[in-house]
Amino acid sequence: DFSKAMSQAGTSQFQEVIRQELEYSMKVELDKILATAPSNELEHTKKDLEGFKKLFHRFLQEKGPSVDWGKIQRPPEDSIQPYEKIKARGLPDNIASVLNKLVVVKLNGGLGTSMGCKGPKSLIGVRNENTFLDLTVQQIEHLNKSYNTDVPLVLMNSFNTDDDTKKILQKYSHSRVKIYTFNQSRYPRINKETLLPIAKDVSYSGENTECWYPPGHGDIYASFYNSGLLDNLIAEGKEYIFVSNIDNLGATVDLYILNHLMNPPNGKRCEFVMEVTNKTRADVKGGTLTQYENKLRLVEIAQVPKAHVDEFKSVSKFKIFNTNNLWIALSAIKRLQEKNAIDMEIIVNPKTLDGGLNVIQLETAVGAAIKSFENSLGINVPRSRFLPVKTTSDLLLVMSNLYSLNAGSLTMSEKREFPTVPLVKLGSSFTKVQDYLRRFESIPDMLELDHLTVSGDVTFGKNVSLKGTVIIIANHGDRIDIPAGALLENKIVSGNLRILDH
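Keep in mind that this is a model prediction, so the values were computed, not measured. (Residues numbered from 1 in each chain as written. Predicted model: local features only at pLDDT ≥ 70, side-chain atom pairs only at ≥ 80, totals over all residues. Heavy atoms only, no water.)

A closer look at the side chain of Asn245
Next up, step 1: Summarising the element assignment, Asn245 is placed in strand E10 (residues 240–245).
Next up, step 2: According to the relative accessible area criterion, Asn245 is buried, its value standing at 16%.
Next up, step 3: Among the polar contacts made by the side chain of Asn245, one reaches the side chain of Asn324 at a distance of 2.9 Å.
Next up, step 4: Once residues within four sequence positions are removed from consideration, Asn245 is found in contact with Lys106, Leu107, His217, Asn324 and Lys390. (Helix = DSSP H or I, 4+ residues; strand = E, 2+ residues; numbered from the N terminus. Buried < 20%, exposed > 50% of the residue type's maximum accessible area, 1.4 Å probe, protein only. Polar contact = N/O pair within 3.5 Å; in protein donor to acceptor, adjacent residues only side chain to side chain. Contact = heavy atoms within 4.5 Å.)

So, in structure tokens, the structure goes:
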């Protein structure tokens, strides 16, 4: 045993030496990069690289992402409240004064690349020519007009989206919404083999665009604080932010949740509320809320030991998942940020660059910080508050007659008999937005649709109705044109179907 203990000590000493060498090499490389920064960017770049250095240090210290599976417990009954219970409390007469303490923050760092678009995802048209950003501004403007309030919108941009977003913001200059922006950090991607940055200088244009990345939405705490905007909003009397992804069209300001935060029934305010909703088979990979070491904790699939992944995906054991709609106290962010006390697990995201080089980027997720805040709470909200548009299949749902649009908010049509959305799977011919739009002369009637699968070269004429389960498969080399006015109910269509104009 003595020799075993000695060899273990030797191994850990050896690992420590390697860690120190890697940290030293990283510091040397980052100093070289910093030396190339122009004087007007020096301070900003320095903050970014300091933040990255901390993350890299933790990455080297941590023994992999796994949580100790044995410590995971179901959250206590009262730690996840049903939305109905919170709504049943009603609203106070002075809801306007409560609203005036709120700031809406949208995570706007993502590009529309997964849908074949260049530029910020928030500028993709989703409904009647309205973009994600248009709908967001309309929602808040409607709120401010209805209650005579001043709820501002804050966009967290990344270096990828900042310029394009700022250009477009001019069009809202006359709207009744104050709009602020701040930028996420810019971190260097590192070579998977050497664990050193692939960037040689600070520039991030031209061939250097692939050298840098925005480090996930967990970066909101540091960036918001560093931008000075957090302090300004606190000085204006703002108390809570409502954070959500800009592509989640269900994430509108909910007055009942806000009232619960500002006027808690037990007199003790929550610093952090996470909206969760019931898992369906489509959500098995979503992060879930658990009790871990006496704290609420978000567990993501990447942190689950391989042997337990199937258990994690089970809808019966872990019934809810995180919608990433979060309500957070501004004073708490400031306190924790100043103490350097926000603890988020590191997500190691491997990428292969166009030239074939394997890199990793170190990221964090905003919801993972829940365990650092006092008196956190989960609220189990209706599915309608989770309506993300990640793919053109999602886009088809929100563009269809399943939803009606009112003051920037989408609501499920009352004509639909069941509250769940159909399962839609569009094949690779529909992945890019411009291809998708070309294949639909008009969006089909989907009110009575349960399931749609489309594969291959398929186009839809005007005024098509889809009901029940519809599967359309054009094999390689075939093409299917669904004629205008067609009704497909519980149909499988395959082979070749060409509609010729004569």
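Regarding the sheet that holds strand E8 (residues 190–191)
Next up, step 1: Pairing is antiparallel across the open sheet formed by three strands, whose spatial order is E8-E16-E15. Each of the sheet's edge strands pairs with one partner strand only, and the pair in question is E8 and strand E15 (347–352). (Pairing = 2+ DSSP bridges.)

Some thoughts on the packing of aromatic side chains
Next up, step 1: Under the definition given, this model contains 15 aromatic pairs.
Next up, step 2: Aromatic pair Tyr221 and Phe373: ring centres 6.0 Å apart, planes at 45°, arrangement tilted. Here Phe373 lies in the loop between strand E16 (358–363) and strand E17 (377–380) and Tyr221 lies in helix H7 (residues 220–226), a separation of 152 residues in the sequence.
Next up, step 3: By relative accessible area, Tyr221 is classed as buried at 2%.
Next up, step 4: Geometrically, the ring pair formed by Phe272 and Phe373 is tilted, given 5.1 Å between the ring centres and 50° between the ring planes. Taken as a pair, Phe272 in strand E11 (residues 272–278) and Phe373 in the loop between E16 and E17 lie far apart in primary sequence, 101 residues in all.
Next up, step 5: Phe272 gets classed as buried once you look at its relative accessible area, which sits at 0%. (Phe/Tyr/Trp six-rings, centres within 6.5 Å; stacked < 30°, edge-to-face > 60°.)

Description of the domain arrangement of the protein chain
Next up, step 1: Looking at the assigned domains, one finds that the protein chain contains domain 1 (1–61), domain 2 (69–385) and domain 3 (392–494).
Next up, step 2: Inter-centroid distance (C-alpha atoms) of domain 1 to domain 2 is 28 Å.
Next up, step 3: Counting from both sides, the interface comprises 22 residues of domain 1 and, opposite them, 26 residues of domain 2.
Next up, step 4: For the domain 1 and domain 2 pair, buried surface summed over both sides reaches about 1,900 Å², with 72% attributable to carbon and sulfur atoms.
Next up, step 5: Between the two partners, domain 1 and domain 2, sit four residue pairs in polar contact (both at pLDDT 80 or more).
Next up, step 6: Within the residue set of the side of domain 1 that touches domain 2, elements represented by two or more residues are helix H1 (2–34) and helix H2 (42–61).
Next up, step 7: Among the elements that take part in the side of domain 1 that touches domain 2, H2 stands out by supplying twelve residues, more than any other.
Next up, step 8: Split into classes, the residues belonging to the side of domain 1 that touches domain 2 amount to twelve nonpolar, four polar and six charged. (Domains from an automatic or database assignment. Buried area = accessible area lost by both parts, 1.4 Å probe. Nonpolar A, V, L, I, M, F, W, Y, C, P; charged D, E, K, R; others polar.)

Describing the pairing of strand E20 (residues 423–426)
Residues in a regular strand point their side chains to alternate faces of the sheet.
Next up, step 1: Burial of E20 is one-sided: the residues Val424 and Leu426 facing one way are buried, the residues Leu423 and Lys425 facing the other way are not.
Next up, step 2: As defined by bridge partners, E20 adjoins strand E21 (residues 445–455) across four bridges and the pair is classed as parallel. Each bridged residue has a counterpart across the sheet, and for Leu426 the counterpart in E21 is Val454.

Regarding the nonpolar core
Next up, step 1: Grouped together as the largest cluster of nonpolar side chains are 107 residues, with contacts concentrated most on Tyr221 and Phe460.
Next up, step 2: In terms of residue count, helix H5 (residues 132–147) provides more of this core than any other element does, six residues in total.
Next up, step 3: Residue contributions to this core reach at least three from each of two domains, namely domain 2 (69–385) and domain 3 (392–494).
Next up, step 4: Excluding its chain neighbours within four sequence positions, the residues that come into contact with Phe460 are Phe430, Arg439, Phe440, Glu441, Pro444, Val454, Leu466, Ile472 and Ile482.
Next up, step 5: Judged by nonpolar contacts, the second largest core, of 26 residues, contains Phe159, Tyr187, Cys211 and Ile360. (Core = buried A, V, L, I, M, F, W, Y, C linked by side-chain atoms within 4.5 Å.)

Regarding helix H9 (residues 255–262)
Next up, step 1: Taken across its eight residues, H9 has seven buried, putting it largely inside the fold.
Next up, step 2: Restricting attention to buried positions, one finds in H9 the residues Leu255, Ile257, Leu258, Asn259, His260, Leu261 and Met262.
Next up, step 3: With a side-chain oxygen positioned 3.0 Å from the backbone nitrogen of Tyr256, the residue opening H9 is Asp254.

Some details on the sheet that holds strand E6 (residues 179–183)
Next up, step 1: Across the sheet, eight strands lie side by side as E1-E17-E11-E14-E10-E2-E5-E6; this open sheet has mixed pairing. Each edge of the open sheet is held by one strand with a lone partner, namely strand E1 (80–82) and E6. Taken pair by pair, the neighbouring strands of this sheet meet at an average axis angle of 25°, ignoring direction.
Next up, step 2: Where E10 and strand E14 (residues 320–329) come together, four bridges link them in antiparallel fashion. Residue pairing for E14: Phe242 is matched across the bridge by Trp327.
Next up, step 3: Here helix H6 (residues 162–169) sits on the sheet in contact with strand E2 (102–108), strand E5 (153–157) and E6, set at roughly 170° to E6. (Axes fitted to C-alpha atoms, helices over the stretch in contact; angles between N-to-C directions.)

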